[in-house]
Structure formats: C-alpha cells, structure tokens
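Now for the letters of each chain:
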Amino acid sequence: MDTLKIEQDALQEMLMVLERNHVKIQQTLQKLNSYKCEPTCYEGFKRLQGLRDDIDRLKREHLELFQSMDIRSMAADKPVLSRMQGQIQNFKELDRKIEVYLLDTAATH
C-alpha cells in the first residue's frame, strides 16, 4: 500500500512539473517572438528557427502525452511514466538551449 502511495505521489509531482513546463514553453515562445530576440545574422536566424521547431515538437509531444494519460491506470503504466520522465528531460535540454540563445542575443544587442 505504501509503494502505491509513493508511486501516486511521484506521478502527481511529475504531472505538476509537466504542466509548469508547458506554461513555461508558452512564455518562452512569446519571449523568442519579441523584437529583443530577433537574430542579427543568418546563423542566429537558423538557431532561432531550430529552437522554434524544437518548441513545436515538444508542445506536440506534451499534448500527445496528456491525451494518452488515464490517471487511474497510470501508476501501473511504466511506459507512460517513462514518457513523462523523457518529456521532463527534453524540456530541460530545450530550456538550456534557449537560455544560451537568449544570452547570445543579449550580448549582440
């Protein structure tokens, strides 16, 4: 019984993280679309387009994951838990790339 409670707590925590990540993705996309983040060279344009493509892919994966979830059966569904962990990791990697881009962009403006 305690193991099930721990799994459900971990599941709820991952769901909250995924929801926060989804909100942050939306906010980051708005920031990237601002004039302050406009690229000043072709390489910057390609980087920005790559980030936007990555954001679109991550948003699509988030949506697919949320649509495939059934809260009642998720605690026993290891593939869904694994996908959730993968989404969290993918978000962290994308967030790191975006931060590097924003720092580079701020340095050139």
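Higher on the page you've got the structure.
Residues numbered from 1 in each chain as written. Predicted model: local features only at pLDDT ≥ 70, side-chain atom pairs only at ≥ 80, totals over all residues. Heavy atoms only, no water.

Chemist: Describe helix 2 (residues 42-68), listing the residues and the values that go with them.
Modeler: For helix 2, with 27 residues, the first-to-last C-alpha span of 39 Å sits near the 39 Å given by 1.5 Å per residue. Buried residues of helix 2: Gly44, Leu48, Leu51, Asp54, Ile55, Leu58, His62 and Leu65, and no others. (Helix = DSSP H or I, 4+ residues; strand = E, 2+ residues; numbered from the N terminus. Expected span 1.5 Å × (residues − 1). Buried < 20%, exposed > 50% of the residue type's maximum accessible area, 1.4 Å probe, protein only.)

Chemist: Mind laying out the pattern of salt bridges, listing which residues take part and the relevant values?
Modeler: In the structure shown here, the tally under the stated rule is five salt bridges. Arg47 serves as the salt-bridge partner of Asp104, at 2.9 Å between the closest nitrogen and oxygen. On the criterion of sequence distance, the pair formed by Asp104 in helix 4 (residues 78-108) and Arg47 in helix 2 is long-range, its members being 57 residues apart. Residue class for Asp104 comes out partly exposed when judged on its relative accessible area of 36%. Here Lys97 ties to Asp54 by a salt bridge, and the two come within 3.3 Å at their closest N and O atoms. With Lys97 in helix 4 and Asp54 in helix 2, this residue pair connects regions lying 43 residues apart in the sequence. Judged by its relative accessible area of 38%, Lys97 is partly exposed. Its relative accessible area of 17% is what places Asp54 among the buried residues. Members of the salt-bridge network, linked through shared partners, are Asp54, Arg57, Glu61 and Lys97. (Salt bridge = Lys/Arg side-chain N within 4 Å of Asp/Glu carboxyl O.)

Chemist: Now, about empty space enclosed by the protein: what can you tell me, with residues and values included?
Modeler: Applying the stated rule across the entire model yields one cavity of 30 Å³ or more. If you add up the space inside the largest cavity, you get close to 40 Å³. Lining the largest cavity are Lys24, Ile25, Thr28, Ile55, Phe91, Leu94, Asp95 and Ile98. Looking at the lining of the largest cavity, the elements with two or more residues in it are helix 1 (2-32) and helix 4. In terms of residue count, the dominant contributor to the lining of the largest cavity is helix 4 (four residues). Tallied by class, residues from the lining of the largest cavity come to five nonpolar, one polar and two charged. (1 Å grid on protein atoms, 1.4 Å probe; cavity = no way out; pocket = protein on both sides within 12 Å on 5 of 7 lines; lining within 4 Å. Points joined across faces, edges and corners; volume = space filled by probe spheres on them. Nonpolar A, V, L, I, M, F, W, Y, C, P; charged D, E, K, R; others polar.)

Chemist: Can you lay out the nonpolar core for me, pointing to particular residues and giving the numbers?
Modeler: Counting residues in each nonpolar core, the largest one holds 13 residues, and the members touching the most others are Leu32, Leu51, Ile55, Leu94, Ile98, Tyr101 and Leu102. Where this core is concerned, the elements lending two or more residues are helix 1, helix 2 and helix 4. With five residues, the top contributor of residues to this core is helix 4. Leaving out residues up to four positions away in the same chain, Leu102 has contacts with Lys31, Leu32 and Cys37. (Core = buried A, V, L, I, M, F, W, Y, C linked by side-chain atoms within 4.5 Å. Contact = heavy atoms within 4.5 Å.)

As far as function goes, none of this settles anything; it's purely spatial.
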